[in-house]
Amino acid sequence: MPRKAGRGPEETRRALLDAAGTVIRTRGISASLDDIAKAAGVSKGGLLYHFPAKDALIRTLAQDILDTYRAEVHAALDPADTDPGRLTRAYVRASLDTSYDEVAVRENIALIAQLISIPEIADLARADAERWDTELHNDGLPGHVVTLVVAAADGASTAPLWGVGINVAAARKLEQQLLDLTRDA
């Protein structure tokens, strides 16, 4: 299958990552490179040009998810906030962001569940979690406050997985309570 006209290398790479996410989420980690290439609208050779092996594609997909979340947290930093806990507050805001479609949130969680079953990806996620733990605990707040606030934000952010739905008012209230905890510490 030829490359779609007008699509550059970065756009093709993004299309491959998006297609891999969709195909792996729906068909499982055993989804073939042919299926992923077809979903992206490229040949298998085109896929292999960007990702020389399925492992490389999966590792890049997982890293992309981790990097995207890190970018969302940094985008949620308040430039006017210079108090201790600034990063923790951004983490809370990013985790409890209700602007996402519930279906998209559930699909992302389902994809992560597929990826995390791979030991190399579990190690990658563990290293990322350790990095977050270090950065958040060096954010100037008492450790017990960081632990509580982050655990609450993480737990609330997975509620759509259980079909609970995103209750915007409740999420905003929880967000404010967690932010207040970081200021009262």
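Residues numbered from 1 in each chain as written. Predicted model: local features only at pLDDT ≥ 70, side-chain atom pairs only at ≥ 80, totals over all residues. Heavy atoms only, no water.

Engineer: How should the overall build of the protein chain be read in this particular structure?
Structural biologist: From N to C terminus, the protein chain includes nine helices and zero strands. Put simply, the protein chain runs from its N terminus to its C terminus through helices and strands in the order α-α-α-α-α-α-α-α-α. For the protein chain, the C-alpha atoms occupy an extent of roughly 60 × 35 × 30 Å along the three principal directions. Here the protein chain, with 185 residues, has 38% of them falling under the buried criterion. In the protein chain, of all internal contacts separated by at least 6 residues, the share reaching a separation of at least 24 is 73%. (Helix = DSSP H or I, 4+ residues; strand = E, 2+ residues; numbered from the N terminus. Buried < 20%, exposed > 50% of the residue type's maximum accessible area, 1.4 Å probe, protein only. Contact = heavy atoms within 4.5 Å.)

Engineer: Help me understand the packing of aromatic side chains in this model?
Structural biologist: Centre distance and the angle of the planes are the two values used to describe a pair of aromatic rings. Taken as a whole, this structure holds three aromatic pairs when the rule is applied. Ring geometry for Tyr69 versus Tyr91: centroids 5.6 Å apart, planes at 90°, classification edge-to-face. Placement of the pair is Tyr69 in helix 4 (residues 54-75) and Tyr91 in helix 5 (residues 86-95), with a sequence separation of 22 residues. Judged by its relative accessible area of 22%, Tyr69 is partly exposed. The exposure class of Tyr91 is buried, given its relative accessible area of 7%. Every member of this aromatic cluster is reached through a ring pair, and the members are Tyr69, Tyr91 and Trp132. The ring centre of Trp132 lies 4.0 Å from the NZ or CZ of Arg70, which sits over that ring. (Phe/Tyr/Trp six-rings, centres within 6.5 Å; stacked < 30°, edge-to-face > 60°. Lys NZ or Arg CZ within 6 Å of the ring centre and 35° of its normal.)

Engineer: Even after reading the chapter, I still don't get the packing of helix 4 against helix 7 (residues 119-137), so can you show me in this structure?
Structural biologist: A pair of packed helices is characterised by two quantities: the angle between their axes and the separation of those axes. Between helix 4 and helix 7, whose axes approach to 9 Å, the crossing angle comes to 20°. As far as their axial angle goes, helix 7 and helix 4 are roughly parallel. When the axes of helix 4 and helix 7 are compared, the crossing they make is right-handed. Every residue of helix 7 that contacts helix 4 at Ile58, Arg59, Ala62, Gln63, Leu66, Tyr69, Arg70 and Val73 is listed here: Glu120, Ile121, Leu124, Ala125, Asp128, Arg131, Trp132 and Glu135. (Axes fitted to C-alpha atoms, helices over the stretch in contact; angles between N-to-C directions. Parallel < 35°, antiparallel > 145°, perpendicular 65-115°, else oblique. Left-handed = near helix turned anticlockwise from the far one by under 90°.)

Engineer: Where do I start with the pattern of salt bridges in this structure?
Structural biologist: Side chains that differ in charge, positive against negative, can pair when their charged atoms come close. Under the counting rule described, the total for this entry stands at eleven salt bridges. For the salt bridge of Arg70 with Glu135, the shortest nitrogen-to-oxygen distance reads 2.9 Å. Of the two residues, Arg70 is situated in helix 4 and Glu135 in helix 7; the sequence distance between them amounts to 65 residues. Judged by its relative accessible area of 24%, Glu135 is partly exposed. A salt bridge links Asp81 to Arg89; its shortest N-O distance comes to 2.7 Å. (Salt bridge = Lys/Arg side-chain N within 4 Å of Asp/Glu carboxyl O.)

Engineer: When you look at the nonpolar core in this model, what are you seeing that I'm missing?
Structural biologist: For soluble globular proteins, nonpolar side chains are generally found buried alongside one another. Core analysis: the biggest nonpolar cluster contains 22 residues, and Ile24, Ile36, Leu47, Leu57, Leu61 and Leu115 have the highest contact counts within it. Those elements giving two or more residues to this core turn out to be helix 1 (9-27), helix 2 (33-40), helix 4 and helix 6 (102-115). The leading source of residues in this core is helix 1, at six residues. Leu57 has contacts with Leu16, Leu17, Ala20, Leu33, Ile36, Leu47 and Phe51, leaving out every residue within four places of it along the chain. Formed by 19 residues, the second largest nonpolar core is a distinct cluster that contains Ala90, Val146, Val149 and Val150. (Core = buried A, V, L, I, M, F, W, Y, C linked by side-chain atoms within 4.5 Å.)

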